[in-house]
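Residue-level structural notes
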Amino acid sequence: MDYSDGMDDSTPMFYIGQHETKRRLDVSPELVQHAQDLGYDMLTSPITNDHFHTRVLSLLNSYTQSVSESSQKQPLPLIPALDHPDTPLGPSDTIGQLVTFTSSWIDLSSPDPVIAHLSRQVFHLEIAYAAFCGVTNVVVPGPRLAHGQNGVSQYARAIKEALTTGSYLQLHVQVSMDGTKTAADDDDLGHLSRFVRPEYETSSHGKVTNPWSSWDAWNTVRSICKYHNRLSVVLDLPRRLPSLALQSRWFSEPIRLLNIPASSFLVNARQSFVLSKAHQVFIFRYMIMSYSTGHLSPRTAEDAPSPGSSSAAPTPAEAAQLAKQVGKKTSSSNDPTPHLSYLRYLQRNQPPKSQIEQFGGGFQDYLQSPLQPLTDNLESITYEVFEKDPIKYAWYERAIAQALRDWHSQRRSTSSDNGAVVIAVVGSGRGPLVTRALNASASSGVPVRVYAIEKNPNAYVLLQRHNVETWGRRVTVVKTDMRAWKGPTQPDGTFGKVDILVSELLGSFADNELSPECLDGVQHVLNPEHGISIPASYTAHFTPISTPKLWADLYNRSTSVDPNAFDIPWVVMLSQFDYLSTEAKETIASQQLSNGTKMHHFNLEAPLTPIVETAWEFSHPLPPTVLAQASLRRGGSAVGGGGGFVGGDGANEHNFRHCRISFPIQEQGVCHGLGGYFETVLYSGSEGPVELSTNPVSMERKSKDMISWFPILFPLKTPIQFPADSEVEVSFWRQTDDRKVWYEWLVESYMTVSGQRIRLSASDLHSSKSNGCMM
Ligand SMILES: C[S@@+](CC[C@H](N)C(=O)[O-])C[C@H]1O[C@@H](n2cnc3c(N)ncnc32)[C@H](O)[C@@H]1O
């Protein structure tokens, strides 16, 4: 089968994945087996059938009649318990292979109290029976958006109540990606909304046109349900996908199932069902995410399940029909499951994973407390992971080699007696940067004398071993805190100076592993005339993000094991999240279809660029005056060094930082925290800068495929909700006393109305002081 051909805009011929309510077809284990023989993983089934539906309608009819005949107030109708003919389901060994649906003809968000009351009863009867049978997956049609916010809250309340039933039920709220019609909006004759009394009628037949309305509704539902971990989304993919901003927002949500209606498929010139390029890109991204977040259990490429698509799961009636056809399957044109075959084709032809996706497999959205290499001694395995980075060490080698070449060409004097440039790798770990310094010397032809300084006594053993086995005893290994090192010991017992200080003490937010404090403390060994530091400078960057998944994780921690969870900056490979502030609105591109028509979609070639701002910068070496003042405050002498690390109040004042930055917000959203990144200039000389970056805006350009650092998350205890076209203002502090360094952060939301700037809401002032880094 060839899916790659030009696409046609004609309407597909048949539908799959509609859950069956009209017929009573019991979900037997044989039927489930048939579906699996056809290559499906799951089967969809309604929880109740039209027998039950008819019973409820007749109850409503008799109630309406009795109200019209009697002048007295009638008690609200009560639906009796389910009867055996009301449901195709029963407990069985195969119940786990079902995706079940609650009735789409009820209206939990109805403004009419009678309809709402009946709907709630139907819903709770169905949920209770599904839980009793051992069902795990229940799809609930989303709220009717035309009923407005009140209807959504009412709907959310019912969902919250349902979540207390059965501790294994996963409730999936079915919403359309772009606010268009969903199953809940069906207006067939049996829908309860047809029976709404005139005084409660809303514009429910009016079209909801805001594409963000279903995301808004979902946001309300999950907020009211406190980000419950058994509550997720079934997303209906329309034929034309909405803006990339809205798509990207959905990616940050817990999507468990994609529903791809047959009407969203195109037919190509070879009469095969295919999806548009935009759909393919969306599905590929979803596939990566589903596997990485454990939504789907990965299998081998050949027999991997369809991508969580309820479209790929047939109904009992379809499975029975397809089971009859399967024997006839001889050629591709006779394929009884063409949509499923196409999804499996996409699955086999996914784009290759990036370095970071390969390396980070299993780490996506996994919260880790930041390393504190100054206080703690790292284990060998941690160093081993660093050393796998294909970029970081190569870039350091480039930087050192360039510095040596410049040194040589500028005929600078050196701090050694034999003209060799003195290099000290401070915080050398197991020694990879020492090896790179020696390589740089060899490649540039500039002789060096190398010192390896490390305070971790265990890593020190390996450094000594390397020196004997690999470096030919060319390196002087010293076990000490770099701040206590007095410099290279000279033959006369005095201490010499260093020409180039090489260090890698950077954390995910640049300075969070106390690189500034350590480098200040060792700067006294650096040649004051022309000594250089690699890195020369580093900057911390951040941007507001939405990350419901991580917020839910932190909320659970904060209510159980870790009450401070929201006051800790977490290192995390951000995966299921959305940038809230992006460069200007996206552009529209059009694709010419083979029948001549044009299909418009948001420009996939120009993805949205986040706005990531610089919080602050640190440069090394410090100007001598700043260092002298700090040293005096510390109680040491203004010249020389080793005056002790921890001193009087204000000794580290020069490493205090503060910023207040405003981010434009294009679309409505919820901020759950700040994503933090860094950039560093290792060396900038006659050949231009050598830089590393984890900043999403520059990482591709500066250090593509670097894997050593994940971003850092500064979370917010109370998510900040804001409207479209507003502003988020972030205040950030790097605080320090004479013992510790920590961060404080505050997020506020503003909107300008008729020229007046209004403060809408604000987060708590968060502080990581109790978890700060000891100096
Ligand atoms: C992030 S690791 C980098 C190790 C190695 N340079 C690499 O790139 O693989 C930082 C190293 O610096 C060491 N370190 C941190 N603070 C130090 C200090 N004040 N004095 C000496 N070593 C320090 C840690 O023990 C650790 O080995």
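Residues numbered from 1 in each chain as written. Predicted model: local features only at pLDDT ≥ 70, side-chain atom pairs only at ≥ 80, totals over all residues. Heavy atoms only, no water.

1. Considering the UniProt feature "binding site: S-adenosyl-L-methionine" (unreviewed entry) in the protein
Going by this rule: UniProt positions are given in the numbering used here, feature names are shortened, and annotations may be inferred rather than shown by experiment. Starting at the N terminus, helices and strands are each numbered in turn, a helix being any DSSP run of H or I of at least four residues and a strand any DSSP run of E of at least two. In what follows, a contact means two residues having at least one pair of non-hydrogen atoms within 4.5 Å.
According to UniProt, the positions carrying the feature "binding site: S-adenosyl-L-methionine" (unreviewed entry) are Tyr 383, Lys 392, Tyr 393, Glu 454, Asp 481 and Met 482. For the residues just named, distributed over 100 residues, the greatest C-alpha separation reaches 23.7 Å, placing them at more than one site. Within the secondary structure, Lys 392 is located in helix H12 (residues 392-409). Residues contacting Lys 392, with those up to four places away along its chain left out, are Phe 386, Glu 504, Leu 692, Met 706, Ser 708 and Trp 709. If you trace the backbone, Met 482 turns up in the loop between strand E12 (475-479) and strand E13 (500-503). With residues near it in sequence (within four places) discarded, Met 482 still touches Val 426, Gly 427, Ile 453, Leu 505, Cys 518, Gly 521 and Val 522.

2. What to know about helix H16 (residues 548-559)
How we decide: Expected span of a helix, by definition, is 1.5 Å for each gap between consecutive residues, and there is one gap fewer than residues. Note on classification: 1.4 Å probe, protein chains only; a residue is buried when its accessible area is under 20% of the maximum for its type, exposed when over 50%, partly exposed between these limits.
Compared with the 16 Å implied by 1.5 Å per residue over 12 residues, the 16 Å span of H16 between its first and last C-alpha is a close match. If you check which residues of H16 are buried, you get Pro 548, Leu 550, Trp 551, Ala 552, Leu 554 and Ser 558. In this structure, the buried residues of H16 make contact with helix H5 (213-224), strand E15 (537-546), strand E16 (570-571), strand E22 (669-685) and strand E24 (712-722).

3. Regarding the site of the ligand
Definition in use: We define proximity as follows: a residue is near a molecule or strand when any one of its heavy atoms falls within 4 Å of that partner. N or O atoms within 3.5 Å of each other form a polar contact, as long as, within protein, one can give a hydrogen and the other can take it, and as long as residues adjacent in sequence are counted only when both atoms are side-chain atoms. In this count, Pro and Cys sit with the nonpolar residues alongside Ala, Val, Leu, Ile, Met, Phe, Trp and Tyr, while Asp, Glu, Lys and Arg are called charged and the others, Gly among them, polar.
Inspection of the region around the ligand gives 20 residues, with Tyr 383, Tyr 393, Gly 427, Glu 454 and Met 482 positioned closest. In the environment of the ligand, an oxygen atom lies 2.6 Å from a nitrogen or oxygen atom belonging to the side chain of Tyr 383. Taking Met 482, its main chain carries an N or O atom lying 2.9 Å from a nitrogen atom of the ligand. Contributing elements (two or more residues each) for the shell around the ligand: helix H11 (380-387), H12 and helix H13 (432-444). By residue class, the composition of the shell around the ligand is 10 nonpolar, five polar and five charged.

4. Structural notes on the packing of aromatic side chains
Rules: The pairing test for Phe, Tyr and Trp rings, Trp by its six-membered ring, is centres within 6.5 Å, and the orientation test on the planes gives stacked under 30 degrees, edge-to-face over 60, and tilted for anything in between. Geometrically, a lysine NZ or arginine CZ counts as sitting over a ring once it is within 6 Å of the ring centre and also within 35 degrees of the ring normal.
All chains considered together, the criterion is met by 28 aromatic pairs. With 6.4 Å between their ring centres and 85° between their planes, Phe 265 and Phe 273 make a pair best called edge-to-face. Judged by its relative accessible area of 1%, Phe 265 falls in the buried class. On the numbers, 5.7 Å between centres and 75° between planes, the contact of Phe 714 with Tyr 743 is edge-to-face. Residue Phe 714 is located in strand E24, and its partner Tyr 743 is located in strand E26 (residues 740-753); the two are separated by 29 residues in the primary sequence. Classification of Phe 714 by relative accessible area gives buried; the value is 0%. Site record: aromatic cluster; members linked through ring pairs are Phe 509, Phe 542, Trp 616, Phe 663, Phe 714, Phe 732, Tyr 743 and Trp 745. For Arg 398, the ring lying beneath its charged end belongs to Trp 395, and the centroid distance is 4.8 Å. One residue, Arg 412, lies across the ring of Trp 407, its end atom 4.7 Å from the ring centre.

5. Digging into a nonpolar patch on the surface
To be explicit about the condition: Nonpolar side chains (Val, Leu, Ile, Met, Phe, Trp, Tyr) within 5 Å and like charges within 9 Å form the patches, drawn only from residues with over 30% relative accessible area and no salt bridge. Accessible areas in this description were obtained via Shrake-Rupley with a 1.4 Å probe; residue shielding takes into account the shown protein chains only. For this document, the term salt bridge refers to a Lys or Arg side-chain nitrogen within 4 Å of an Asp or Glu carboxyl oxygen.
On the surface, Val 753, Ile 758 and Leu 760 cluster together to form a nonpolar patch covering roughly 220 Å² of accessible area. On the secondary structure map, Leu 760 appears in strand E27 (residues 756-762).

6. Section: the sheet that holds E12
Filter applied, for reference: Paired strands, as defined in this entry, are two strands with at least two bridges between them according to DSSP. The convention used is that axes are lines fitted to C-alpha atoms, helices contributing only their stretch in contact, and that angles between N-to-C directions extend from 0 to 180 degrees.
Ordered in space as E12-E11-E10-E13-E14, the five strands form an open sheet in which the pairing is parallel. Whereas interior strands pair on both sides, the edge strands pair on one side only; in this sheet they are E12 and strand E14 (532-534). Pairwise comparison of adjacent strand axes, ignoring direction, gives a mean angle of 20° for this sheet. Relative to E12, strand E11 (residues 448-454) runs parallel, the two being bridged by five bridges. Counterpart to Val 450 in the pairing with E12 is Val 475.

7. Focus: the sheet that holds strand E6 (residues 231-236)
Overall, parallel pairing links the six strands, which are arranged E2-E3-E4-E5-E6-E7 in an open sheet. The open sheet has two edge strands with one neighbour each: strand E2 (43-46) and strand E7 (255-259). Mean inter-strand twist for the sheet, computed between neighbouring axes without regard to direction, equals 30°. Pairing of strand E5 (residues 170-176) with E6 involves six bridges; the strand directions are parallel.

8. Structural notes on the pairing of E7
For clarity, the cut-off: Orient the strands so they point away from the viewer; a crossover is then right-handed if the path from the first strand over the helix to the second runs clockwise.
Among the five residues in E7, four count as buried, and that is most of the element. The pairing of E6 with E7 spans four bridges and is classified as parallel. Residue pairing across strands places Asp 236 opposite Asn 259, the latter belonging to E7. With helix H6 (residues 244-251) bridging E6 and the parallel E7, this β-α-β connection has right-handed handedness.

9. Quick notes on the pattern of salt bridges
Side chains that carry opposite charge are capable of pairing whenever their charged atoms lie near each other. In this structure the tally under the stated criterion is 23 salt bridges. The closest approach of N and O atoms between Arg 436 and Glu 397, which form a salt bridge, is 2.8 Å. Here Arg 436, found in helix H13, pairs with Glu 397, found in helix H12; they are 39 residues apart in sequence, far enough to count as distant. On the accessibility criterion, Glu 397 (18% relative accessible area) is buried. Residue Glu 748 is joined to Arg 660 by a salt bridge in which the shortest nitrogen-to-oxygen separation is 2.9 Å. Note that Glu 748 is positioned in strand E26 and Arg 660 in strand E21 (residues 657-665), a separation of 88 residues in sequence. Since its relative accessible area comes to 5%, Glu 748 is described here as buried.

10. Describing the packing of helix H3 (residues 113-133) against helix H4 (residues 148-162)
Here is the rule: For classification purposes, angles smaller than 35 degrees are called roughly parallel, those larger than 145 roughly antiparallel, those between 65 and 115 roughly perpendicular, and all remaining angles oblique. Take the far helix as your reference; a near helix turned counterclockwise from it by less than a right angle gives a left-handed crossing, and one turned clockwise gives a right-handed crossing.
Contact geometry of H3 with H4 gives a least axis separation of 11 Å together with a crossing angle of 25°. The pairing of H3 with H4 is recorded here as roughly parallel in orientation. Taken as a pair, H3 and H4 cross one another with a handedness that is right-handed. Of H4, the residues touching H3 (which contributes Ala 116, Arg 120, Phe 123, His 124 and Ile 127) are Gln 154, Arg 157, Ala 158, Ile 159, Glu 161 and Ala 162.

11. Re the confidence of the model for the protein
To keep things clear, this is the line we draw: Each residue carries a pLDDT value, the predictor's own confidence for that position, ranging from 0 to 100.
On average, residues of the protein score 86 in pLDDT, and 85% of them reach the 70 mark or higher. Segment residues 292-312: pLDDT under 50, and 56 contacts once partners within four positions in sequence are set aside and those in other chains are kept. In this model residues 638-644 is a low-confidence stretch, pLDDT under 50, and it forms 10 contacts with partners more than four residues away in sequence or in other chains. ipTM for the predicted complex: 0.99, alongside a pTM of 0.88.

12. A short note on the nonpolar core
Nonpolar side chains tend to gather and get buried jointly when the protein is soluble and globular. Selection criterion: Buried Ala, Val, Leu, Ile, Met, Phe, Trp, Tyr and Cys residues that are joined via side-chain atoms within 4.5 Å together make up what is termed a nonpolar core.
Counting 100 residues, the largest nonpolar core has Ile 159, Leu 235 and Trp 250 as the members making the most contacts within it. Looking at this core, the element that brings in the most residues is H3, giving nine residues. In this structure Trp 250 touches Val 175, Ser 176, Met 177, Ser 214, Trp 215, Trp 218, Val 233, Leu 235 and Ile 255, once residues within four positions along its chain are discounted.

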